[in-house]
Amino acid sequence: MNRRTFLRASVAATGAATLSGCLSGLFETRSVYEPPPLVENRPKAVYIPSHIEGMEMGGMATKKWYKAGIMFSFPHRFWTVDSQNKNKVNIRENDTIHLMSSVWDSETTIVPPNANLRVDVTKDGESIATKSLWPMLSQNMGYHFGDNIALSGDGTYTVTVHVGPLDVRRTGRLQEKYGEQASFSITFDYSQQQRDEIMFKQLSEKKGQKGAVDPMEMKMMPSTQLPPKDQLLVPSLAKRQAAMGRLS
């Protein structure tokens, strides 16, 4: 069961925007984290969500061939989606943050299609949460992992990320990678005030219109977005035939 498997589902959820602090003077901050009501009369297409919000970087780490980043924002509502059902997951009363992680190849920056990522969250050596993060898809962050987490107040937290082996066929140089689990730890400081100051903007005039919000620009992490259609290289049949002729 995958959360935000479709952009349509993820748009209604939230969509994280640019990093916290960017254009902060143009946006509002929040001390409560109940998201605005869902967009009414949503089109059966990708559409502008009710709001966008920022996020805080928790930190990064490298282990073996992986590099990963930990981020957090307000708790999110989202949907689980499979081939037959879509189920809404509401914010629980004790949820503190929406914890997110992105994982990519440290050499090529390619994001592997891994659907198995688990985190152990601790504070002062005490276990706070152990969860398998859901694969998620949002308009402006793209493919990542996430779930809501209940923290135990302000303080320093350690997130140990466990990336499972890739269960797809690998060829070439990739045969030597992703075949076993990798684990690494990221420590970050958290405060409720820090979370409440994360950028938050309602899209009252645009919500529900067909379209999408702009992808975020993050220099520290690779994009998980597909390139524009005109930048995709699709060789013509003639070029493929010519290539085959040169190889014969």
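Figured I'd write up the structure that's included with this text. The shown structure was predicted, so the numbers you read here are calculated from the model rather than taken from an experiment.

**Structural notes on the overall build of the chain**
- Counting its secondary structure elements, the chain contains three helices and 14 strands.
- Within the chain, the fraction of its 248 residues that count as buried is 44%.
- Accessible area for the chain stands at about 13800 Å²; split by element, carbon and sulfur atoms hold 50% of it.

**Some points on the nonpolar core**
- Ranked by internal contacts, the top residues of the largest apolar core, which has 31 residues, are Y66, L99, L117, V119, V121, V159 and V161.
- Contributing elements (two or more residues each) for this core: β4 (66-73), β7 (97-105), β8 (117-123), β11 (142-149), β12 (155-163) and β13 (182-190).
- A total of five residues in this core trace back to one element, the largest contributor, which is β13.
- Look past the residues within four positions of V121 in its chain and what remains in contact with it is L99, E126, S127, I128, A129, L151, Y157, T158 and V159.
- Formed by eight residues, the second largest nonpolar core is a distinct cluster that contains M71, W104, M141 and M218.

**Quick word on the side chain of K123**
- Looking at the secondary structure, you find K123 in strand β8.
- Of the side chains bearing the opposite charge, D124 lies closest to the buried K123, which forms no salt bridge; the N-O distance is 5.3 Å.
- With near-sequence residues (within four places) excluded, K123 lies in contact with I128, S152, G153, D154, G155, T156 and Y157.

**Some points on the side chain of E53**
- Secondary-structure assignment places E53 in strand β3 (residues 51-63).
- One polar contact links E53 to H76, side chain to side chain, over a distance of 2.6 Å.

**Overview of the packing of aromatic side chains**
- Tallied over the entire structure, the rule returns nine aromatic pairs.
- With a centroid separation of 5.3 Å and an interplanar angle of 50°, the aromatic rings of Y66 and Y178 are classed as tilted. Of this pair, Y66 sits in strand β4 while Y178 sits in the loop between β12 and β13, and the two are 112 residues apart along the sequence.
- Judged by relative accessible area, Y178 falls into the buried class, the value being 3%.

Reading guide: rules and limits
Residues numbered from 1 in each chain as written. Predicted model: local features only at pLDDT ≥ 70, side-chain atom pairs only at ≥ 80, totals over all residues. Heavy atoms only, no water. Helix = DSSP H or I, 4+ residues; strand = E, 2+ residues; numbered from the N terminus. Buried < 20%, exposed > 50% of the residue type's maximum accessible area, 1.4 Å probe, protein only. Areas by Shrake-Rupley, 256 points an atom, 1.4 Å probe, with all protein chains shown as cover. Core = buried A, V, L, I, M, F, W, Y, C linked by side-chain atoms within 4.5 Å. Contact = heavy atoms within 4.5 Å. Lys, Arg positive; Asp, Glu negative; His and termini not counted. Salt bridge = Lys/Arg side-chain N within 4 Å of Asp/Glu carboxyl O. Polar contact = N/O pair within 3.5 Å; in protein donor to acceptor, adjacent residues only side chain to side chain. Phe/Tyr/Trp six-rings, centres within 6.5 Å; stacked < 30°, edge-to-face > 60°.

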